Amino acid sequence: MEAGGLPLELWRMILGYLHLPDLGRCSLVCRAWHELILSLDSTRWRQLCLGCPECRHPNWPNQPDVEPESWREAFKQHYLASKTWAKNALDLESSVCFSLFRRRRERRTLSVGPGHEFDSLGSALAMASLYDRIVLFPGVYEEQGEIILKVPVEIVGHGKLGEVALLASIDQHCSTTRLCNLVCMPAWFSPFMFKTSSGHVQFDNCNFENGHIQVHGPGTCQVKFCTFKNTHVFLHNVPLCVLESCEFVGSENNSVTVEGHPSADKNWAYKYLLGLIKSSPSLLPTEDSDALLSLDLESRDQAWSPRTCDIVIEGSQSPTSPASSSPKPGSKASSQETEVGSDGERVAQTPDSSDGGLSPSGEEEDEDQLTYRLSYQIQGPRPVLGGSFLGPPLPGASIQLPSCLVLNSLRQELQKDKEAMALASSVQGCLIRKCLFRDGKGGVFVCSYGRAKMEGNIFRNLTYAVRCIHNSKIVMLRNDIHRCRASGIFLRLEGGGLIAGNNIYHNAEAGVDIRKKSNPLILCNQIHHGLRSGIVVLGNGKGVIRNNQIFSNKEAGIYILYHGNPVVSGNHIFKGRAAGIAVNENGKGLITENVIRENQWGGVDIRRGGVPVLRSNLICFGYSDGIVVGDEGKGLIEGNTIYANKGCGVWMMSSSLPHVTSNHVSYNGLYGVAVFSQKDGSSDFPGGHGAQENFSEDGDAILWETELEKDDDPLRRPVTTTLVESNSINHNGASGLYVQSSEALQVITNVIHANGDRGITVAQSSQLTRVANNSISCNRQSGVKVEAPCKVELRGNGIYDNRGHGVITKGDSTVVIENDIIGNRGSGLQLLPSSDTKVIKNRIHSFRAYGIAVRGRAKALVQENVIFQGKTNKTIFQQISNNQECIMQNNKFLVFKKKSDTWRLVNPPARPHLENSLRGPSVAHSGQKVAAMATRITARVEGGYHSNRSIFCTIL
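Residues numbered from 1 in each chain as written. Predicted model: local features only at pLDDT ≥ 70, side-chain atom pairs only at ≥ 80, totals over all residues. Heavy atoms only, no water.

Some remarks on the environment of G217
Looking at the secondary structure, you find G217 in the loop between β13 (212–216) and β14 (220–224). Owing to a relative accessible area of 23%, G217 belongs among the partly exposed residues under this scheme. Excluding anything up to four places from it in sequence, G217 contacts S197, H236, N237, V238, P239 and S263. (Helix = DSSP H or I, 4+ residues; strand = E, 2+ residues; numbered from the N terminus. Buried < 20%, exposed > 50% of the residue type's maximum accessible area, 1.4 Å probe, protein only. Contact = heavy atoms within 4.5 Å.)

Set out below in structure tokens:
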């Protein structure tokens, strides 16, 4: 625009000298002038905003160095807010003579100070009329008696903030009052600086020191750009109160107390405050602003984006890679021959295949010694989460997460959850936003059905940030809470509300502490670098903990104990210095679809009566075990993917009673599933397991037990023995299942495949370990090994293509009944000295060794078995001649007579048989289970060498 030949830059310079009223008039001239006035945002509007004695920098006190998006808009918001107190002004006294021509009487300005009209505030108030302005000039004004405000007035300090000090106790009895640009302190006779019970009070750009401010409903208040030094703001039954851009410093108690349900009676100011709140910029997430609070995490942890959908594998070696695994007994790196270890266990040293399905057809043997060869095509088990978890973890590679485990943004979560959106949008009671609470005891205390909403605040260096008790409700959005000496947010006695999008870190106790039937919704927060746990739920506490990032805490990311019973879903819990989630002391909880990774202790730790439901979680890359079930731990562990942890996949105490079903346990460094009998904390445990530190913040556990509820949860059906059912356990560094237990155990319908040691090792079992209807295949050593003394029942299993023996036993009470033991490198079944075994109704075959080999003085009953011939230079059965304790009855020996002989497993079909074994919740996860098996074993010899189709056996 050019007017009179002047360029725009010159017009901006000229207009930069205008005052606010003149700028307003110029903007009404035309559209071009309006746009020209708006273009002065960073110059004249900035000068007006910063030069106003009634306001401070728009981003004070939290970000005083950050400029607002628009100085004009910031100045406009403050200007409109400063006029709220006078919105109810009625026409003043009109002329007595001319009633038809009503006119407003001009507001007077009363001056107080040396050399001015009045010497004291009290004398000026005695002469004030409605809505008069009282100006206090620099000085200290001390009132010796309580000041009662009977008419609406505005009390303003002249000059810079700090030049006018008012020592008084003010009791407001009028409809509205405003205090501005004052330093207020209590009078000598009362700690209260200001009280109101029905009217509206507005504080702008004031300092309050060493006193109390009290507002009772239906009274309301509006506070902006104020500093409270060791001052307590008490709000009782207020329908609406706004504290904005204030600083609270050095409180000896709570800085703000919100008590009582908001009053149903509302004064005149309620609707104006509500309109002002709705017209001001919202802190609710939008598409452009939907990002977590910025963190300088480069020196601590890799930044974790809220939309991260992959995991980067750190380190130079995967837990199950050959370089990190210990050498197996009886093996030699340079040999590919079958050797016999010192205990008689046969181990085949051949290179791994990509899927663990190993075939003897790849061995080099002379054709004149080879009658036939077998080739098994084995389809490995499917993981729950898709192809990213089929193969071994590769250092430096990234693993794509499925959509169900990707973190949603806060905006997405609020759109999905209408109740949460309603909470986030609601305004009731007290609204505290963009305030700073620092260097004191308490931040905000909400009690006795109180309601408070906190947005964009900073809480630091306090004893605690927020306490919510006695049926109160809080809404916390995008606050920064750090370096508290106790918990950051504390809820008890049925407190609740919404805690969303906050950054909670470096607190001495838990980031969020939930107790005594409190039931909050904790959504999309970052909770990290705490000196204890991230979130603690105890004493019948509940809550929904969803879609949070919980990382780098010194203790458990989430700790559930003393009958705490939250719903924990969709969280990413990682890089903790203890367990990811710990459930102790009769804790409960529904824990679903979380990503728990890279924690120093177990991904999930269940002990001392903990009975959670753990379902569909990804537990991976831990530096210890995936899941630890310690002494007296219980619960349902279902449908989880437990992948690439350096310890065991699942580690259990024999005194625990969990139900472990339908999990995918793969590529862990030690055992897939291990059951031990030592007491908790023993140094003999592999991986350095120990008891987690007890948690009791407000006293002994006995104090909590008096308040605990007893409820029946249909998700937690009682079990009397530990049950390992319908799991896929594959490619782990040691045995798929290791048992060293003094209590009963059931192992049913699992796939145990391609593990780095044996399929199942039973090292100790003083009570019965029942192994039924499992598929045990392609393991690096034997399929099953039973040590002495053990009580084991093997029934209905399919034991295929293991590199060692099918079954090797030293047990003094072993029953092997109705199994298919086919195609293993060593003997099908090897009975070692001092064992006592019943071998009944099995189908047994070995490639190059004996079907059944009896070593030494083994006691055995071998009855009604079908034993297939192996190599021509081996017999079907081996037994020392003078062993009278080995009884053979009604066995059937099948020997090849023709090259075209075909054997079929038809009556019954090939094991395991699962049709009648699937029950309960495991049926829903059929993709992880072993399916039916091909029912044909064929032997065919053609022209001195053999087709890959000679024997076919598939495990689905």
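Focus: the environment of L829
Turning to its location among the elements, L829 is positioned in strand β68 (residues 829–831). Judged by relative accessible area, which is 0%, L829 ranks as buried. For the pair L829 and S782, spaced 47 residues apart in sequence, the C-alpha separation works out to 9.9 Å. Residue contacts for L829: discarding those within four places in its chain leaves V807, V839, I844, G851, I852 and A853.

Some words on unusual backbone geometry
Of the consecutive residues W60 and P61, the connecting peptide bond is found in the cis state with omega at 5 degrees. Its location among the elements puts P61 in the loop between α4 (41–51) and α5 (71–82). Between R911 and P912 the backbone carries a cis peptide bond, its omega angle lying at 5 degrees. Relative to the helices and strands, P912 resides in the loop between β77 (902–904) and β78 (936–938). In this structure, N230 takes a positive phi of about 50 degrees despite not being glycine. Its place among the elements puts N230 in the loop between β15 (227–229) and β16 (232–236). Note on N230: relative accessible area 22%, which makes it partly exposed. The phi dihedral of D801 falls on the positive side, at around 55 degrees, and the residue is not glycine. One can find D801 in the loop between β64 (798–800) and β65 (807–809).

As for the pattern of salt bridges
Two side chains carrying opposite charge are able to pair once their charged atoms lie near each other. Under the criterion given, the structure shown has 27 salt bridges. In this structure, the salt-bridge partner of E413 is K416, at a minimum N-O distance of 3.3 Å. With E413 and K416 both in helix α8 (residues 410–416), this residue pair falls three residues apart, about one helical turn. For E413, a relative accessible area of 2% corresponds to the buried category. A salt bridge links E793 to R795, with the shortest nitrogen-to-oxygen separation between them at 2.7 Å. (Salt bridge = Lys/Arg side-chain N within 4 Å of Asp/Glu carboxyl O.)

What to know about the packing of aromatic side chains
Each pair of aromatic rings is reported with the distance of its centres and the angle of its planes. Summed over all chains, the structure comprises 16 aromatic pairs. Judged by centre distance (4.9 Å) and plane angle (10 degrees), the rings of F551 and F574 are stacked. Here F574 lies in strand β41 (residues 572–574) and F551 lies in strand β38 (residues 549–551), a separation of 23 residues in the sequence. The two residues F551 and F574 agree in class, both being buried. Through a chain of ring-to-ring contacts, three or more aromatic side chains come together here, namely F194, F203, F208, F228, F248, F437 and F459. The cationic tip of R56 hangs over the ring face of W60; the distance from NZ or CZ to the ring centre is 4.1 Å. Positioned over the ring face of Y270 is K266, at 5.1 Å from the centre of the ring. (Phe/Tyr/Trp six-rings, centres within 6.5 Å; stacked < 30°, edge-to-face > 60°. Lys NZ or Arg CZ within 6 Å of the ring centre and 35° of its normal.)

Details of the nonpolar core
Residues L235, V256, F459, V512 and I535 are the most contacted members of the largest nonpolar core, which totals 127 residues. Of the residues forming this core, the biggest block, five residues, is contributed by strand β27 (residues 458–468). Residues in contact with V512, not counting those within four places in the same chain, are I489, L491, I499, I504, I522, I527, G534, I535 and V536. If you look at the next biggest cluster of nonpolar residues, it comprises 17 residues, including I37, L48, F75 and F225. (Core = buried A, V, L, I, M, F, W, Y, C linked by side-chain atoms within 4.5 Å.)

Some details on the packing of α4 against α5
Put simply, α4 and α5 touch, their axes get as near as 8 Å, and they point 30 degrees apart. On the basis of the axis angle, α4 is roughly parallel to α5. Of the two possible hands of crossing, α4 and α5 adopt the one that is left-handed. The residues of α5 that touch α4, namely those facing D41, S42, W45, R46, L48, C49 and L50, are W71, R72 and F75. Partitioning the contact of α4 with α5 into residue classes produces six nonpolar, one polar and three charged. (Axes fitted to C-alpha atoms, helices over the stretch in contact; angles between N-to-C directions. Parallel < 35°, antiparallel > 145°, perpendicular 65-115°, else oblique. Left-handed = near helix turned anticlockwise from the far one by under 90°. Nonpolar A, V, L, I, M, F, W, Y, C, P; charged D, E, K, R; others polar.)

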